[in-house]
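Residue-level listing of the chains:
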Amino acid sequence: MTTFAVRLVFDRDDAARLEVRPKHREYLTSLAAAGRLRLAGPFADQKGAQLVYEVADRAELDAVLAADPYFDRPEPVATVEEIREWALLPL
């Protein structure tokens, strides 16, 4: 499995994002239950979020992100600012 850190920016219509957020969080819960999401949460200033996925490869990550309610619409409600493969240390 490959770990990816994904940083989102909430730089679009806040009302639209907040309307979609319950479905987004349900989706994240399902990913966590399936072992594909390790950590997730908004930054304290509510201007973005960090998510840590564990998936087979970048293609699977792209599919997971495309199915997220924040992005599975003609006009996404957030922006993916950065995606980085992460080599976590075994602690």
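Given the structure is predicted, the values throughout are model-derived calculations rather than measurements. (Residues numbered from 1 in each chain as written. Predicted model: local features only at pLDDT ≥ 70, side-chain atom pairs only at ≥ 80, totals over all residues. Heavy atoms only, no water.)

## Remarks on the pattern of salt bridges
- Inspection of the entire model under this criterion finds ten salt bridges.
- Of the charged contacts, one joins Asp72 and Arg73 as a salt bridge, the two residues approaching to 3.8 Å between their closest N and O atoms.
- Residue classification places Asp72 among the partly exposed residues on the basis of a relative accessible area of 45%.
- Under the relative-accessibility criterion, Arg73 is labelled partly exposed at 31%.
- The structure contains a network of salt bridges with shared partners spanning Arg7, Glu81, Glu82 and Arg84. (Salt bridge = Lys/Arg side-chain N within 4 Å of Asp/Glu carboxyl O. Buried < 20%, exposed > 50% of the residue type's maximum accessible area, 1.4 Å probe, protein only.)

## A look at the sheet that holds strand β1 (residues 2-9)
- Read from one edge of the open sheet, four strands run β2-β3-β1-β4, paired in antiparallel fashion. A single partner strand is all that each edge strand has here, and the edge strands are β2 (37-42) and β4 (79-85). Geometrically, the sheet is characterised by an average inter-axis angle of 15 degrees between neighbouring strands, direction not taken into account.
- Both β1 and β4 contribute to a ladder of six bridges, which runs antiparallel. When the bridges of β4 are listed, Phe4 appears paired with Glu85.
- Against the sheet, helix α1 (residues 14-33) touches β2 and β3 (48-55), its axis set at about 155 degrees to β2.
- Relative to β3, helix α2 (residues 58-67) is tilted by about 130 degrees, and along the sheet it contacts β1, β3 and β4. (Pairing = 2+ DSSP bridges. Helix = DSSP H or I, 4+ residues; strand = E, 2+ residues; numbered from the N terminus. Axes fitted to C-alpha atoms, helices over the stretch in contact; angles between N-to-C directions. Contact = heavy atoms within 4.5 Å.)

## Regarding the side chain of Arg17
- Along the chain, Arg17 turns up in helix α1.
- Of the residues examined, Arg17 reaches a relative accessible area of 5% and is grouped as buried.

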